[in-house]
Structures are given as C-alpha cells and as structure tokens.
Protein chains: 2
Amino acid sequence: MKKMRILLLGAGGVGTYFCGRLANGGAEVAVVARSDYEVASRSGYRIHSIAGDFEFHPAAVLKSASEYEGIPDYVIVATKVLPDLDLHELLRDAVRSRESTIVLIQNGIDIEREVAAAFPENELLSTIAYIGVSRPAPGEVLHQGAGNLKMGVYPAGISEKARRLADAFGDGGVKCELCEDIRYVRWYKLLWNLPFNPVSVLAGRVDTHRMTVDPGLEKLCRELMDEVILVANACGVALTQQGAEETMEFTRQFPAYKSSMLQDFEAGRPLEVEAILGNPVRLAHQYGIPVPRMEVCYALLKSVNSQKQQEAEK
Amino acid sequence: MKKMRILLLGAGGVGTYFCGRLANGGAEVAVVARSDYEVASRSGYRIHSIAGDFEFHPAAVLKSASEYEGIPDYVIVATKVLPDLDLHELLRDAVRSRESTIVLIQNGIDIEREVAAAFPENELLSTIAYIGVSRPAPGEVLHQGAGNLKMGVYPAGISEKARRLADAFGDGGVKCELCEDIRYVRWYKLLWNLPFNPVSVLAGRVDTHRMTVDPGLEKLCRELMDEVILVANACGVALTQQGAEETMEFTRQFPAYKSSMLQDFEAGRPLEVEAILGNPVRLAHQYGIPVPRMEVCYALLKSVNSQKQQEAEK
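Nothing here was measured: the structure is a model prediction, and the numbers come from that model.

Trainee: How would you sum up the relation of the copies chain A and chain B? Please name residues and give values.
Mentor: Two chain copies here: they are related by a rotation about an axis and a translation along the same axis. The two copies are related by a screw operation: chain A maps onto chain B through 180° of rotation and 0.1 Å of translation along the axis, at an RMSD of 0.1 Å. The superposition of one copy onto the other is thereby described by a two-fold rotation axis.

Right under this line is the structure:
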C-alpha cells in the first residue's frame with residue numbers, strides 16, 4: 001500500500017509532536033522548517049514526551065513548500081494564528097492539486113473561512129489540539145500534557161479523508177476523535193480560551209487557580225463565557241450554559257497552571273489576540289450581539305500585545 | 001491677628017507642596033510625618049517647583065497627631081486613598097474639637113462619606129488638587145505641573161471657613177477656587193481619572209497620547225466616560241456628554257505623559273483602585289446602573305494591584 005504523504009507547515013511544538021506521531025505510524029512526513037532548519041535537516045527532532053521519548057526524522061526538511069516533490073495527501077498547518085502570517089501565501093506553494101486535503105491544527109474561532117475561500121476545491125479539515133507542548137530549543141520538543149485531537153470537515157461533517165487521517169494518527173498513538181460538528185467543538189473550547197487566556201495576562205499574570213478563586217476574576221470569566229454563548233448561538237452553534245459550568249468546574253479541578261497565552265507573554269512571543277478575541281468580537285458585531293466585556297479585554301490585550309512587541313524590538 | 005493653625009496628615013508630595021505654600025502665606029503649619037520624619041524634623045522640606053524653588057520649615061514635625069498642642073483650625077488630610085489606611089483612626093487624635101475643620105485633599109469618588117459620618121459636628125471641606133508633583137527622596141518634593149485647588153463644603157455649599165482657607169492659599173500663591181457643588185467637580189474629574197488612570201496600567205503601560213490615538217483604547221476610554229455619566233446622573237450629579245468631549249479634547253491637546261496611577265504602578269506603590277473604580281462601581285450597583293466596562297477594569301486592576309503588592313513583598 002502506498003504510504004500516506006504529509007507536508008507540515010509550521011514546525012513548532014504542536015506540529016512537530018503530532019507529525020512525529022504520524023511518522024511513527026508509518027506516514028511519510030516532510031517538514032517546512034524555519035528557525036529549526038539547520039538542526040532539523042541534520043538530525044531531526046528529539047521529542048521528550050510524558051508518553052515516552054522518541055525521535056522524529058522527517059522524510060524531507062525543506063526551506064519552503066515549493067521544494068516539495070509530488071503531491072501531498074495532506075497539508076497540515078500548525079502555525080500560530082498571527083496577523084503577520086499570510087496563510088494564503090504559505091499554502092499557495094504547498095497546495096497544487098485538489099487531491100491535497102488541507103488540515104488546520106490551530107486555535108481560535110473563524111480561522112478556516114479565508115482558507116476555505118482561497119482553496120474552494122480542496123477539502124478542509126478543521127482540527128483542535130489538546131496538548132501541553134513547548135519547544136525549549138531548536139530541534140527539541142517538550143510534551144508535558146494531554147496530546148489528543150478533535151477533527152471534522154469544515155464547515156461540518158466527517159469524510160473518508162478525515163477517517164483516513166484519524167486512523168493514521170491512531171496508528172501513531174494519537175487519539176483523534178472525529179466530530180460531525182467541529183464548529184461546536186471550537187466554540188466549546190473558546191469557553192475556556194476566551195476568558196482564561198486573556199485574563200491570565202491582563203490581571204497581572206495570574207494562574208488558572210487564581211482566576212477561579214478571586215471573586216472578581218471568577219465573575220469576569222463567567223461573564224465572558226456568557227458572552228461567548230450569546231455569540232455562538234447567534235452563529236447557529238448550540239452552546240449552552242452547561243458548557244460554561246463544565247469548563248469552570250474543569251478549570252477548578254485542574255492543578256494551577258499558566259495559560260499558553262501567559263507563557264507566550266512572559267517569553268515575549270506575540271499573542272493570538274485575533275483568533276481568540278478579535279474574531280468573536282467581529283462576529284458579535286456582525287450579528288448585533290452586545291459584548292462589552294469581550295470588547296474591553298480585546299482593546300486592552302491588543303494594546304498589551306503591541307506594547308510588548310515594541311519593547312521586544314528595542 | 002492670630003495665625004491660622006494647620007495640621008497636615010499625609011505629608012506626601014501633594015500635602016507638603018500645598019501646606020508649604022500655606023506656610024509661605026503666613027499660616028502656622030504642623031506636619032505628621034512618617035517615612036520623612038528624620039529628615040523633615042532636622043531640616044524641613046525642599047520644594048523644587050516650576051514656580052520657583054522654596055523651603056518649607058513646619059512649625060512642628062510630629063510622629064503622631066496626639067503630640068499636637070492645642071486645637072488646629074484646619075486638619076488637612078492629603079494621604080492616598082488606600083484600603084489599609086484607617087482614616088478614622090488617623091483623624092481621631094487630630095480632631096479634638098468641633099472648631100477644627102477637616103479638609104480632604106484626595107482623589108476619587110465618595111471618599112468623604114465615612115469621615116462625615118465619623119465627625120458629624122465638624123465642617124468638612126472636600127478639595128481636589130490639580131497638580132503634577134512627586135517626592136523623589138525624603139524631604140524632597142518635585143513640583144512639575146499645574147498646582148491649583150478646587151474646594152467646597154461637603155456635601156455642597158461654600159462656608160466662611162472655606163473662604164478663609166481659600167484666602168490663606170491665595171496668600172501663599174495657590175489658586176483655590178471655591179465651588180458650590182464640589183460633588184459635580186469631583187465627578188467631572190472622574191471623567192479623566194476613571195478611564196485614563198486604569199487603562200494606562202491595564203493596556204500595557206501606555207501614555208495619554210497613546211490612549212487618544214489607539215482606536216480601541218480611545219473607544220474604551222469614551223465608553224468608560226459614558227458609564228461615569230450614567231452613574232453620576234443616578235447620583236443626582238448633572239454631568240453631561242459635553243464634559244466627556246472636553247476631557248477627551250483636553251487630553252488630546254496635552255503633551256503625552258504617564259498617568260499618576262501608571263507612575264505609582266511602575267514605582268511599585270499601591271494603586272488607588274477603590275477611590276477611582278471601586279466606589280463608582282458600588283454606586284452603580286446601588287442604583288442599578290449597568291457598568292460592564294467599569295466592572296471589567298475594576299476586577300482586572302484590583303488583581304494587578306494585589307499581584308504587584310505581593311511581588312513587592314517577596
């Protein structure tokens with residue numbers, strides 16, 4: 001049987017971890033690397049994982065997608081969602097045939113729309129990663145928590161290609177759950193991401209425990225969740241108050257930790273402001289839903305992010 | 001003629017500057033000093049002022065108000081409004097007779113209520129300072145901008161004692177305007193204080209210029225002003241949209257500078273969260289006025305302040 005051909009764009013912690021698993025399962029994985037290019041092309045990636053360390057030696061390490069030979073079955077995008085990233089340009093060289101399925105493993109809301117519009121003939125799989133992973137040094141990946149995926153066809157459904165990729169993840173040891181309604185899953189995850197990521201930064205660098213026990217912050221997070229539910233419902237996604245309860249309870253039970261946005265902030269990396277807050281605010285405006293609390297957090301976080309980036313450039 | 005007798009509690013930059021001016025005008029001023037006690041009792045205060053440097057040698061420098069001999073005509077309180085400050089306890093030793101008039105030179109809203117309740121027989125003058133002043137070292141005061149006062153009887157009116165004190169300020173070279181409706185003046189000033197002080201800290205340490213040109217922050221500041229107007233109106237204070245326009249325009253015209261709250265934040269000093277945000281939010285709740293934007297800023301700022309204080313204590 002012909003090997004499944006994968007091309008990874010965005011070889012950060014998330015992309016490298018999951019594609020390393022695909023390679024373990026027998027797929028032929030090529031990687032477009034940037035900052036890790038030298039190390040990765042010489043000796044691949046070392047993945048230090050709570051599930052057991054392993055190495056990932058890509059079939060090819062490329063400087064650009066244009067170097068890729070042939071047609072990949074799946075083009076996996078695992079970059080952060082940042083304004084200076086032109087996803088269309090990034091994908092143009094990688095997606096040369098309608099045979100290639102585009103897979104987004106990214107955070108946030110409404111991130112699929114532009115890609116779907118730019119590549120209307122390609123199937124698009126929207127994927128959400130549940131994982132604690134970082135990249136402490138070039139070629140080094142540290143996997144510290146969870147490590148599963150939820151995936152569905154955008155905007156909805158489950159396809160043969162989705163099934164095949166989920167099976168390939170399974171062969172590599174990754175649980176990849178197929179979801180008929182991936183938008184619901186994305187909005188459900190936003191119940192966590194939208195309050196806890198921004199508030200962890202804006203409230204003076206606080207961990208998840210603090211956000212559930214400080215009465216003012218807990219109330220703020222709950223009210224932000226209420227706004228998420230209103231916008232989701234306006235978008236036709238049947239999120240309910242129960243999701244908010246579950247998310248708050250889950251966060252309360254979980255050991256205190258720093259949100260990924262707080263980790264990015266403290267490391268001076270740019271924050272995913274638009275995918276987490278900007279897009280939901282714009283959808284709310286489109287549907288005429290009042291979201292004053294989201295708006296305040298959005299204005300503040302955007303400013304905090306750009307101040308931090310200016311400092312970093314000095 | 002008998003000299004006017006003043007007792008100053010809270011000998012920070014604001015108190016020392018204005019009481020130094022009163023002494024220049026001929027008043028007999030005693031000061032309760034804390035961190036500056038050693039320096040001030042030895043050699044008084046040096047005031048470096050845009051209006052000309054001068055020295056302030058108090059008639060007495062005391063460790064506590066209980067050491068004060070006789071009855072002061074005016075007890076001036078110029079402390080910051082902070083939760084760990086027990087104003088009642090501070091005033092108890094200073095206010096021994098109904099002859100003493102209490103003068104609050106402090107920021108914020110609804111700061112007079114408790115004092116008025118604790119000393120119902122004493123006249124209470126509510127005073128607002130417009131000044132750029134800091135205390136770079138013990139016994140040293142740096143006066144960099146403005147330097148005038150607005151004063152009125154709390155809750156309203158102008159009295160003979162108010163007139164006499166305003167004249168004494170005038171003799172010392174300070175413009176002190178008497179106001180029939182000092183609550184209006186306080187709410188008017190809150191149109192500036194409530195948006196620009198908290199947002200300057202929360203938006204990643206931004207100056208006033210940035211808050212007027214960043215579209216997201218400008219909109220947020222305007223919307224916070226709208227909420228201030230709603231609460232003021234509910235409290236019977238006839239603040240209008242014109243006040244908001246004037247405040248925004250004034251800030252736009254003024255050279256960029258760091259708000260006093262941002263200066264406090266950067267110096268690791270506690271922030272006046274309750275006087276600026278907490279009290280207006282509580283008044284809003286009392287009158288059933290929705291103030292979602294204030295609430296978000298209040299919850300965030302309170303957390304930022306306590307995180308910062310915890311860091312400082314480490």
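Trainee: An account of the nonpolar core is requested, with residue identities and associated values reported.
Mentor: Core analysis: the biggest nonpolar cluster contains 94 residues, and W187(A), L300(A), W187(B) and L300(B) have the highest contact counts within it. Discounting residues that sit within four places of it in the chain, W187(B) has contacts with I109(B), V228(B), V231(B), A232(B), C235(B), V237(B), L239(B) and L283(B).

Trainee: Describe in detail the pairing of strand 1 (residues 5-9) of chain A, supporting the description with residues and values.
Mentor: Regular strands place side chains that alternate from one sheet face to the opposite one. Residue and element names in this part refer to chain A. Within strand 1, five of the five residues are buried, which leaves the element mostly enclosed by the surrounding structure. What you see with strand 1 is no split at all: R5, L7 and L9 on one side and I6 and L8 on the other are buried throughout. Inspection of the sheet shows strand 1 paired to strand 2 (residues 28-32) by five bridges, in the parallel sense. Pairing of I6 across the sheet is with V29, part of strand 2. Taking the sense of rotation as the criterion, the β-α-β connection linking strand 1, helix 1 (residues 13-24) and strand 2 turns out right-handed. As judged from the four bridges shared by strand 1 and strand 6 (residues 74-77), these two strands associate in the parallel manner. Looking at strand 6, one finds that L9 is bridged to V77.

Trainee: Help me get a handle on the domain arrangement of chain A, residues and values and all.
Mentor: Size of an interface: often given as the accessible area lost when the parts come together. All names here are of chain A. Each domain of chain A was delimited in the assignment, giving domain 1 (5-180) and domain 2 (184-313). The gap between the C-alpha centroids of domain 1 and domain 2 is 25 Å. Of the roughly 1,500 Å² buried between domain 1 and domain 2 on both sides combined, carbon and sulfur atoms contribute 57%. Summed over the three residues of domain 1 that lose the most area to domain 2, namely K80, N107 and I109, the buried surface amounts to 42% of that side. Across the contact surface, domain 1 and domain 2 share two salt bridges. Where domain 1 meets domain 2, there are 12 residue pairs in polar contact (both at pLDDT 80 or more).

Each value, and the rule that gives it
Residues numbered from 1 in each chain as written. Chains lettered and ligands numbered in written order. Predicted model: local features only at pLDDT ≥ 70, side-chain atom pairs only at ≥ 80, totals over all residues. Heavy atoms only, no water. Least-squares fit on C-alpha atoms with pLDDT ≥ 70 in both. Core = buried A, V, L, I, M, F, W, Y, C linked by side-chain atoms within 4.5 Å. Buried < 20%, exposed > 50% of the residue type's maximum accessible area, 1.4 Å probe, protein only. Contact = heavy atoms within 4.5 Å. Helix = DSSP H or I, 4+ residues; strand = E, 2+ residues; numbered from the N terminus. Pairing = 2+ DSSP bridges. Right-handed = clockwise from strand over helix to strand, strands pointing away. Domains from an automatic or database assignment. Buried area = accessible area lost by both parts, 1.4 Å probe. Salt bridge = Lys/Arg side-chain N within 4 Å of Asp/Glu carboxyl O. Polar contact = N/O pair within 3.5 Å; in protein donor to acceptor, adjacent residues only side chain to side chain.

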